[in-house]
Amino acid sequence: MTPVGPLFQANGVTKRFGGFTAVSGVDLTLGTGESVGVIGPNGAGKSTLLGLIVGSLRADAGTLELEGRDMSRLSLPDRVQGGIARAAQIPQTFARLTVRENLRLPAVFGARLHGAEASDWVDEVLTLTGLTDHAGAVAGELGLLSRKRLELAKAVAARPRLLLLDEIAAGLTQHEIETMIGLVKSLRSDRAIVWVEHIPFALRETCERLVVLDKGEKILDGAFATVWEDERLQSVYMGVADHAAA
Ligand SMILES: Nc1ncnc2c1ncn2[C@@H]1O[C@H](COP(=O)(O)OP(=O)(O)OP(=O)(O)O)[C@@H](O)[C@H]1O
Ligand SMILES: [Mg+2]
């Protein structure tokens with residue numbers, strides 16, 4: 001039997017800003033349908049790692065493969081077309097376009113749909129992400145929950161095989177976070193998800209695996225409960241508390 005390779009594989013991914021190494025030799029392997037939570041203190045390199053995977057940032061070293069295809073040297077648009085999309089920590093919507101128009105762009109340029117096919121898919125994404133009632137609203141005038149939903153919806157509209165989520169629940173109320181958790185659960189199945197979030201229960205509800213980044217390095221990666229109880233995780237956050245108290 002031919003062994004089935006992982007859906008996604010990153011090896012030795014590294015990013016330096018001047019003399020500062022923000023992401024240092026990170027390896028990450030994901031299978032189809034796998035959801036992985038990523039935590040780590042502010043500045044640990046989480047957003048930088050997602051930027052390196054989607055191609056908004058250029059890696060100084062390392063390789064990335066999706067479904068066996070080398071993505072390392074592709075531009076961001078080519079990576080999105082190739083099956084990687086990210087909901088960014090700072091929403092990157094076109095403020096003057098409507099929600100529907102914002103979603104049509106990734107449907108056309110990411111998922112490569114045209115005409116009625118693109119419109120139908122946008123309608124489906126609106127439903128999936130609870131944005132149908134806001135379809136005609138101007139993106140810049142949305143409230144926080146809808147803005148977060150739209151950032152997620154834009155990534156989903158590109159039909160990625162690997163969906164990267166960067167703090168899509170940050171700043172939301174408990175009830176709104178639960179809505180986002182339900183949404184993320186509904187997006188699983190045949191894709192892989194990497195969810196960066198500072199809200200542990202959101203990750204626990206959606207991810208069977210947990211990765212911990214600290215100072216640019218991946219220090220833990222394993223079953224959620226095992227990593228959660230690892231004393232190295234506690235010490236990473238204790239270090240932050242000590243530092244903050246000092
Ligand atoms: N464009 C940049 N130029 C210089 N330094 C940067 C740049 N982007 C990020 N950094 C630095 O790299 C480090 C990692 O940043 P990153 O945004 O990846 O952290 P993070 O883990 O996502 O943090 P947070 O939880 O606050 O979102 C930080 O020290 C940050 O200041
Ligand atoms: Mg970040």
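Residues numbered from 1 in each chain as written. Chains lettered and ligands numbered in written order. Predicted model: local features only at pLDDT ≥ 70, side-chain atom pairs only at ≥ 80, totals over all residues. Heavy atoms only, no water.

**Q** Describe the domain arrangement of the chain, with residues and values.
**A** As assigned here, the chain comprises domain 1 (1-83 + 161-246) and domain 2 (93-159). Summarising the inter-unit geometry, the C-alpha centres of domain 1 and domain 2 are found 24 Å apart. Taken together, domain 1 and domain 2 are joined by zero salt bridges. Between domain 1 and domain 2 we count three residue pairs in polar contact (both at pLDDT 80 or more) in total. Of all the secondary-structure elements, those providing two or more residues to the side of domain 1 that touches domain 2 are helix 2 (76-82), strand 7 (162-166) and helix 6 (174-186). A total of four residues in the side of domain 1 that touches domain 2 trace back to one element, the largest contributor, which is helix 6. Taken together, the residues of the side of domain 1 that touches domain 2 break down into nine nonpolar, three polar and four charged. (Domains from an automatic or database assignment. Salt bridge = Lys/Arg side-chain N within 4 Å of Asp/Glu carboxyl O. Polar contact = N/O pair within 3.5 Å; in protein donor to acceptor, adjacent residues only side chain to side chain. Helix = DSSP H or I, 4+ residues; strand = E, 2+ residues; numbered from the N terminus. Nonpolar A, V, L, I, M, F, W, Y, C, P; charged D, E, K, R; others polar.)

**Q** Requested: an account of the site of ligand 1, with residues and values cited.
**A** Around ligand 1 there are 14 residues in total, and Asn42, Gly43, Lys46, Thr48 and His198 lie nearest to it. Contact between ligand 1 and Gly45: an oxygen atom at 3.0 Å from a main-chain N or O atom of the residue. A distance of 3.0 Å separates an oxygen atom of ligand 1 from a polar atom in the side chain of Gln89. Coverage of ligand 1 by the protein chains reaches 62% of its 640 Å² of free accessible surface. When residues of the shell around ligand 1 are traced back to their parent elements, those giving at least two are strand 2 (20-30) and helix 1 (46-54). (Near = heavy atom within 4 Å. Areas by Shrake-Rupley, 256 points an atom, 1.4 Å probe, with all protein chains shown as cover.)

**Q** Got a sec to walk through the coordination of the magnesium ion (ligand 2)? Specific residues and values, please.
**A** Coordination of the magnesium ion (ligand 2) by the protein involves Ser47 (OG) and Gln89 (OE1), with metal-donor separations of 2.0 to 2.1 Å. With Ser47 in helix 1 and Gln89 in the loop between strand 6 (84-87) and helix 3 (99-110), this pair connects stretches of sequence that are 42 residues apart. (Donors = N, O, S within 2.8 Å, 3.2 Å for Na, K, Ca; no water.)

**Q** Which residues make up helix 5 (residues 144-157), and what are the values?
**A** Its 14 residues place the ends of helix 5 20 Å apart at the C-alpha level, agreeing with the 20 Å of an ideal helix rising 1.5 Å per residue. Of all the 14 residues making up helix 5, twelve are buried; the element is thus mostly covered by neighbouring parts of the structure. Burial in helix 5 covers these residues: Leu145, Ser146, Lys148, Arg149, Leu150, Glu151, Leu152, Ala153, Lys154, Ala155, Val156 and Ala157. Those residues of helix 5 hidden inside the fold are in contact with strand 6, helix 3, helix 4 (115-128), strand 7 and helix 6. Of the residues flanking the end of helix 5, it is Arg159, one or two places downstream, whose phi is positive at about 55°. (Expected span 1.5 Å × (residues − 1). Buried < 20%, exposed > 50% of the residue type's maximum accessible area, 1.4 Å probe, protein only. Contact = heavy atoms within 4.5 Å.)

**Q** If you had to explain the packing of helix 5 against helix 6 to someone new, which residues and values would you point to?
**A** It is the contact of helix 5 with helix 6, at a shortest axis distance of 11 Å, that shows an interaxial angle of 15°. In terms of axis orientation, helix 5 runs roughly parallel to helix 6. Where helix 5 crosses over helix 6, the two elements pack in a sense that is right-handed. Across the interface between the two elements, Leu145, Lys148, Arg149 and Leu152 of helix 5 pack against Glu176, Thr179, Met180 and Leu183 of helix 6. When the residues that make up the contact of helix 5 with helix 6 are grouped by side-chain class, the tally is four nonpolar, one polar and three charged. (Axes fitted to C-alpha atoms, helices over the stretch in contact; angles between N-to-C directions. Parallel < 35°, antiparallel > 145°, perpendicular 65-115°, else oblique. Left-handed = near helix turned anticlockwise from the far one by under 90°.)

**Q** Can you lay out the sheet that holds strand 10 (residues 217-223) for me, pointing to particular residues and giving the numbers?
**A** The sheet built from six strands is open, its strands ordered 6-7-8-3-9-10 with mixed pairing. Where the open sheet ends on each side, the last strands, each with one partner, are strand 6 and strand 10. The average undirected angle you get between the axes of adjacent strands in this sheet is 15°. Direction of pairing for strand 7 relative to strand 8 (residues 192-196): parallel, over a ladder of five bridges. The residue of strand 8 that forms the bridge with Leu164 is Val194. This element, helix 1, spans strand 3 (35-39), strand 6, strand 7, strand 8 and strand 9 (209-214) of the sheet and lies at about 150° to strand 7. (Pairing = 2+ DSSP bridges.)

**Q** Tell me about the packing of helix 3 against helix 5, and please be specific about residues and values.
**A** At a minimum axis separation of 7 Å, helix 3 and helix 5 run at an interaxial angle of 30°. Relative to helix 5, helix 3 is oriented roughly parallel. In the packing of helix 3 onto helix 5, the handedness of the crossing is right-handed. Only Leu150, Ala153, Lys154 and Ala157 of helix 5 make contact with helix 3, whose side of the interface consists of Val99, Asn102, Leu103, Pro106 and Ala107. Of the residues assigned to the contact of helix 3 with helix 5, the class counts are seven nonpolar, one polar and one charged.

**Q** Describe the pairing of strand 10, and please don't skip the residues or the numbers.
**A** Sheet topology note: the strand 9/strand 10 ladder contains six bridges and is antiparallel. Its bridge partner being in strand 10, Leu210 is matched across the sheet by Gly222. Where strand 9 folds back onto strand 10 in an antiparallel hairpin, the turn is made up of two residues, including Lys215, whose phi is positive at roughly 50°.

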